[in-house]
Amino acid sequence: MLPESLKQARALLENVTPLKTDCGLTCGGACCRPMEGEMTGMLLFPGEEAYYEGREGYRMTVTDHGTLLFCSGRCERADRPLSCRLMPLLPILREDGMRVATDLRAKAVCPLARQGKDALDPAFVAAVRQAGRILAEDEVQKAFLIRLARQQDELKALRNQFRRGSHV
Ligand code: SF4
Ligand code: SF4
């Protein structure tokens, strides 16, 4: 069984999507297609494994960052993990509060991530914010969100380093 906070967060993003139209039509569903030569998976939120255990078409592997879910590239709407529902945004939780930002991990695949959240349906942005608030009230999910925020900081630092390096 999914933790209650996770169930609620997933439900908030069950029917609302980044655009009012199907954004997958613009990119051919890029986030559901693994990059060539790469085995990419979606990072599950704590306790989300329970939903996929024994479910056909999925497999999971435990990594230092958490459990990764591998899929066939097609799934039922109700089966999408929270990371897929949040794409290309992320609720970023820090000591001074929570904000919704573009997930830097999405920039390599998602055209919407390169446009920023102002290009997205405000109802989707609001749902991501509300999902973040719900998760932040659950200590386990809160700790995970804080880890994700740190990971975003690391990615940002790396990106800045790379940019500086490319100008040398
Ligand atoms: S990659 Fe971005 S635009 Fe394409 S389907 Fe995924 S969320 Fe939508
Ligand atoms: S789990 Fe579903 S939504 Fe997520 S990448 Fe796989 S097919 Fe796409």
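Residues numbered from 1 in each chain as written. Chains lettered and ligands numbered in written order. Predicted model: local features only at pLDDT ≥ 70, side-chain atom pairs only at ≥ 80, totals over all residues. Heavy atoms only, no water.

Regarding the sheet that holds strand β1 (residues 42-43)
Overall, antiparallel pairing links the three strands, which are arranged β1-β3-β2 in an open sheet. Each having just a single partner strand, β1 and β2 (59-63) make up the two edges of the open sheet. Strand direction decides the pairing type here: β1 and strand β3 (residues 66-70), joined by two bridges, are antiparallel. When the sheet's bridge partners are listed, Leu43 is paired in β3 with Leu68. (Pairing = 2+ DSSP bridges. Helix = DSSP H or I, 4+ residues; strand = E, 2+ residues; numbered from the N terminus.)

A word on the environment of Val62
Looking at the secondary structure, you find Val62 in strand β2. For the pair formed by Val62 and Leu43, sequence separation is 19 residues and the distance between their alpha carbons is 9.6 Å.

Section: the site of ligand 1
Around ligand 1 sit Cys23, Gly24, Cys27, Ala30, Cys31, Met87, Cys110 and Leu112, and those are all the residues in its vicinity. Of the residues assigned to the shell around ligand 1, the class counts are seven nonpolar, one polar and no charged. (Near = heavy atom within 4 Å. Nonpolar A, V, L, I, M, F, W, Y, C, P; charged D, E, K, R; others polar.)

Observations regarding the nonpolar core
One finds Leu13, Phe45 and Leu82 to be the most contacted residues of the largest nonpolar core, which totals 39 residues. Here the element with the most residues in this core is helix α6 (residues 122-136); it accounts for six residues. If sequence neighbours within four positions are ignored, Phe45 has contacts with Leu6, Leu82, Ser83, Leu86, Leu135, Gln141, Phe144, Leu145 and Leu148. (Core = buried A, V, L, I, M, F, W, Y, C linked by side-chain atoms within 4.5 Å. Buried < 20%, exposed > 50% of the residue type's maximum accessible area, 1.4 Å probe, protein only. Contact = heavy atoms within 4.5 Å.)

A few points about helix α1 (residues 4-12)
For an α-helix, the turn length of 3.6 residues means that residues three or four places apart are oriented alike. Of all the residues in α1, the buried ones are Ser5, Leu6, Ala9 and Arg10. The buried residues of α1 all sit within an arc of 130° when viewed along its axis, so they share a single face. (Arc of directions from axis to C-beta.)

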